[in-house]
Amino acid sequence: MRGGTLAGAVLGLGTGNIPSEADEAAMRAETEARLRATGALPGPDAAPETPPAPADPTAPPTGEAMPSLPGTFGPVPAFLAVPSPFDAPGLPSTTLPFAAPPPPATLTPPAAFAPVPEGGAGALPGFTPAPPMPGLDGLTLPPAFGDLPGLAPPPAGIAVPGFAPAAPMPPLPGFTPVDPALGEPLVARADTPDTLRDAAVAAGAELLPDGRARYARRAFDPLAAGGAITPMDWRTATITPKGIDLVRLHVARFGSDPANEIMVSRLGQIASGQLEASEYDLRFYTHELRELERYRALGIPDTVNADRDVWNNAHTATLADYGLSDRDSGGDYTLYHPITWE
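Residues numbered from 1 in each chain as written. Predicted model: local features only at pLDDT ≥ 70, side-chain atom pairs only at ≥ 80, totals over all residues. Heavy atoms only, no water.

1. Description of the packing of aromatic side chains
Tallied over the entire structure, the rule returns 3 aromatic pairs. Aromatic side chains F254 and Y295 sit 6.3 Å apart centroid to centroid with 85° between the ring planes, which places their arrangement in the edge-to-face category. Of the two residues, F254 sits in the loop between α4 (241-252) and α5 (258-271) while Y295 sits in helix α6 (residues 279-297), which places them 41 residues apart along the sequence. Its end group placed over the ring of W234, R283 keeps NZ or CZ at 5.0 Å from the ring centre. (Phe/Tyr/Trp six-rings, centres within 6.5 Å; stacked < 30°, edge-to-face > 60°. Helix = DSSP H or I, 4+ residues; strand = E, 2+ residues; numbered from the N terminus. Lys NZ or Arg CZ within 6 Å of the ring centre and 35° of its normal.)

Here it is as structure tokens:
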């Protein structure tokens, strides 16, 4: 196809010839008339459009304020017409709405709140400070238990309420209490040096110049023997299992001793009815129990073997309690059965 024919087909002339200048001017006039009829182009009498001045980037946006709504924070900011980047020359301008920045807010503190004074806090509005708790101003704690209101200190010697005072220690088996009127054993008595020496003399001891005493050819200290010497009778004792346990406990502190072991074994046979108690058994039984009582009065634990002076004082005083000596007039031991030494 030739060029002229193609151009004619495109322009719709259908002649196959290139349009003349007159034809092109006529078509241009017809197109402008149509645009003016639609308002796309201004009329021939319209003033030429003045190009807009360049925008000042530092100037705040201007525009027509839109209707505002009442509210706590003031009216709604105006929407401004901003040229669109898609505007084309000769076409109506397209506008996009943008919110103008609100003026800076100024906060005013409420009148009810005052600045906190130095060194103290201001009162909150609507609140009244609580009054001080009654009775605490000037309160002084009682210095002692008895100063509490309505309470008096317990009398001396009375146990804590709800607890009964400890009962006195009962006498060891086979013994008569030292003071029948009090019903308490020897360890509960409060003796003085004079009463202790007098009791030793009354039992047949001889006072020595150094303050000690001599009984049955044995020198001892009556002030350190665990109590006063008190006449007692070994013949009235009754051998019991409980008493045997105490004897065994006491002699165990002295270590292994064949004579003591034989005597303790005999006591068990007597309590079970296998043997008849001899005078040696009764004297050994009563002597060891009384000696244990004196050790306890001196504060010596049941499992401790104290020095020889302690044993000598308690042993000699116990001999004096029963009016005995280590050996009788014939030289035989008074506390041990002959089978232990024959």
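Now that the structure has been shown, we can carry on.
2. Description of the packing of α5 against α6
A pair of packed helices is characterised by two quantities: the angle between their axes and the separation of those axes. One way to put it is that α5 packs onto α6 with a least axis distance of 10 Å and a crossing angle of 105°. Considered as vectors, α5 and α6 are oriented roughly perpendicular to each other. On α6, the residues that touch N260, M263, V264, R266, L267 and I270 of α5 are Y280, D281, F284 and Y285. Residue composition of the contact of α5 with α6, by class: 7 nonpolar, 1 polar and 2 charged. (Axes fitted to C-alpha atoms, helices over the stretch in contact; angles between N-to-C directions. Parallel < 35°, antiparallel > 145°, perpendicular 65-115°, else oblique. Contact = heavy atoms within 4.5 Å. Nonpolar A, V, L, I, M, F, W, Y, C, P; charged D, E, K, R; others polar.)

3. Details of the nonpolar core
Residues F220, I239, V247, L267, F284 and Y285 are the most contacted members of the largest nonpolar core, which totals 32 residues. With residues up to four places along the chain from it excluded, the contact list for I239 reads I244, L267, I270, A277, L282 and Y285. Ranked by size, the runner-up nonpolar core spans 5 residues in total, among them Y295, I300, A306 and V310. (Core = buried A, V, L, I, M, F, W, Y, C linked by side-chain atoms within 4.5 Å. Buried < 20%, exposed > 50% of the residue type's maximum accessible area, 1.4 Å probe, protein only.)

4. Quick notes on the side chain of T316
Along the chain, the position of T316 falls in helix α7 (residues 308-321). The class for T316 is buried, based on a relative accessible area of 0%. Residue contacts for T316: discarding those within four places in its chain leaves Y215, R218 and F220.

5. Here we look at the sheet that holds strand β5 (residues 218-220)
The antiparallel open sheet is built from 3 strands, whose spatial order is β3-β4-β5. Edge positions in the sheet fall to β3 (206-207) and β5, since each of these pairs with one other strand and no more. Relative to β5, strand β4 (residues 213-215) runs antiparallel, the two sharing 3 bridges. Each residue of the ladder has a partner; that of R214, found in β5, is A219. (Pairing = 2+ DSSP bridges.)

6. Digging into α4
Taking 1.5 Å per residue, 12 residues should reach 16 Å; α4 reaches 16 Å between its end C-alpha atoms and fits that length. When α4 is considered as a whole, its buried residues turn out to be G243, I244, L246, V247, H250 and V251. Taken around the axis of α4, the buried residues stretch over an arc of 160°, which confines them to a single face. Within α4, the exposed residues directed more than 90 degrees away from the buried face are P241, K242 and A252. Here the buried face of α4 lies against α5 and α6. (Expected span 1.5 Å × (residues − 1). Arc of directions from axis to C-beta.)

7. As for α5
If you check α5, its first and last C-alpha atoms are 20 Å apart, about what 14 residues at 1.5 Å a residue would give, namely 20 Å. Buried within α5 are the following residues: A259, N260, M263, V264, R266, L267 and I270. Seen end-on, α5 carries its buried residues on one side only, within an arc spanning 155°. In this fold, the buried residues of α5 make contact with α4 and α6. Taken from the residues just after α5, G273 is the one with a positive phi, measuring 85°.

8. As for the confidence of the model for the protein chain
Chain-level statistics for the protein chain give a pLDDT mean of 75 and a share of 53% at 70 or above. At the level of individual helices and strands, the protein chain shows its lowest average pLDDT in helix α1 (residues 3-11), which scores 43, and its highest in α6, which scores 97. A low-confidence stretch, residues 176-188 (pLDDT under 50), is modelled with 24 contacts involving residues beyond four sequence positions or located in other chains. (pLDDT = per-residue confidence, 0-100.)

9. Focus on the packing of α6 against α7
Between α6 and α7, the least distance of the axes is 9 Å, while the angle of their chain directions is 130°. In terms of orientation, α6 and α7 fall into the oblique class. For the pair α6 and α7, the crossing hand works out as right-handed. Every residue of α7 that contacts α6 at H287, R290, E291, R294 and Y295 is listed here: V310, W311, A314, H315, A317, T318, L319 and D321. Here the residues of the contact of α6 with α7 sort into 6 nonpolar, 3 polar and 4 charged. (Left-handed = near helix turned anticlockwise from the far one by under 90°.)

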